[in-house]
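# Topology and contacts: notes
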Amino acid sequence: MQGKRTMNGLAVRWLRAAALAAVAACGAWTALAEENSPPPRTDGALLPRDSTDAAVFRGGLVYANYCVTCHGINADGNGRAARLHNPRPANLRASDKNDAYIGLIVRRGGEALGRAPGMPPWGEELTDEQINDVTAFVRSVNGQHR
Ligand code: HEC
């Protein structure tokens, strides 16, 4: 029961993110379609840029692009490619690691930290902002707050 509730919570989070993305895309499209459209408004943004929510939202997009195949849509380590890995991709919802460690393993990969090479290094691929954002996302789906 407990597991089911949290999974639903995560599904809701994804749906909300998808809905926000759709709204944002429509807004961008309307702005593009309008000739002489006024400069973009900075007040009343969907999510304040410096908020944790905004970082989690951006990090969700990074996660969906770079992590979901292994770590899975529920971040429980059961992605489509998970069975190709031994050890399996970590269950990020149960991770006991702090943000600094998460940032480090994302940047340098498993092998550099004496872990499995199945966890690729993303330091060449992702910007510092993307790594911070995906760390915020992992934190948001993870029970432990630190
Ligand atoms: C190709 C498969 C694969 C992809 C893609 C991948 N990972 Fe991993 N990841 C792994 C594996 C396998 C491990 C487990 C390594 C071990 O246990 O030695 C792991 C471990 C981790 C850990 C350690 C968790 C802990 O509690 O120790 C974190 C954090 C992590 N991955 C985050 C990410 C993030 C964020 C992304 C996307 C940027 C990502 N991974 C993409 C396979 C992958």
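Now for a description of the structure that goes with this document. (Residues numbered from 1 in each chain as written. Predicted model: local features only at pLDDT ≥ 70, side-chain atom pairs only at ≥ 80, totals over all residues.)

Moving on to the site of the ligand. As a structural note, the neighbourhood of the ligand is formed by 25 residues, with Cys 67, Cys 70, Ser 95, Arg 115 and Met 119 the closest of them. Listing elements by their share of the shell around the ligand, those giving two or more residues are α3 (68-71), α4 (99-108) and α5 (128-141). (Near = placed C-beta within 6 Å. Helix = DSSP H or I, 4+ residues; strand = E, 2+ residues; numbered from the N terminus.)

Right, let's talk about unusual backbone geometry for a bit. Here the residue pair Asn 86 and Pro 87 is connected by a cis peptide bond, since its omega of 5 degrees sits within 30 degrees of zero. The residue Pro 87 is located in the loop between α3 and α4 in this model. Non-glycine residue Ala 75 carries a positive phi angle of around 55 degrees. With respect to the helices and strands, the residue Ala 75 is situated in the loop between α3 and α4.

Next up on the list: the packing of α4 against α5. Contact geometry of α4 with α5 gives a least axis separation of 9 Å together with a crossing angle of 125 degrees. Here α4 lies oblique to α5, going by the angle between them. Here the hand of the crossing between α4 and α5 comes out right-handed. Listed contacts from α5 to Asp 99, Ile 102, Gly 103, Val 106 and Arg 107 of α4 are Ile 131, Asn 132, Val 134, Thr 135, Val 138 and Arg 139. Among the residues making up the contact of α4 with α5, the classes are represented as five nonpolar, three polar and three charged. (Axes fitted to C-alpha atoms, helices over the stretch in contact; angles between N-to-C directions. Parallel < 35°, antiparallel > 145°, perpendicular 65-115°, else oblique. Left-handed = near helix turned anticlockwise from the far one by under 90°. Contact = placed C-beta atoms within 7 Å. Nonpolar A, V, L, I, M, F, W, Y, C, P; charged D, E, K, R; others polar.)

Taking 1.5 Å as the rise per residue, α5 with 14 residues should run 20 Å; its terminal C-alpha atoms sit 20 Å apart, in good agreement. The set of residues buried in α5 consists of Ile 131, Asp 133, Val 134, Thr 135, Ala 136, Phe 137, Val 138, Arg 139 and Val 141. (Expected span 1.5 Å × (residues − 1). Buried ≥ 20, exposed ≤ 12 C-beta atoms within 10 Å, placed from the backbone.)

With that settled, the discussion passes to α4. Among the residues of α4, Ile 102, Ile 105 and Val 106 are the ones counted as buried. Buried residues of α4, viewed axially, fall in a sector of 100 degrees; they line one side. Its buried side turned inward, α4 meets α5. Positive backbone phi, approximately 90 degrees, marks Gly 109, located one or two places after α4. (Arc of directions from axis to C-beta.)

Packing of helix α2 (residues 52-66) against α5 leaves a shortest axis separation of 7 Å and a crossing angle of 100 degrees. As far as their axial angle goes, α5 and α2 are roughly perpendicular. For the pair α2 and α5, contact is made by Thr 52, Ala 55, Val 56, Arg 58, Gly 59, Gly 60, Val 62 and Tyr 63 and by Gln 130, Asn 132, Asp 133, Val 134, Thr 135, Ala 136, Phe 137 and Ser 140, respectively. Along the lines of polarity and charge, the residues of the contact of α2 with α5 split into seven nonpolar, seven polar and two charged.

If you look at the biggest cluster of nonpolar residues, it comprises 20 residues, and the most contacted ones within it are Val 134, Phe 137 and Val 138. At the level of elements, α2, α4 and α5 are the ones that each hand at least two residues to this core. Per-element tally for this core: the top contributor is α5, with six residues. Apart from the residues lying within four places of it in its own chain, the contact partners of Phe 137 are Val 56, Gly 59, Gly 60 and Tyr 63. (Core = buried A, V, L, I, M, F, W, Y, C linked by C-beta atoms within 7 Å.)

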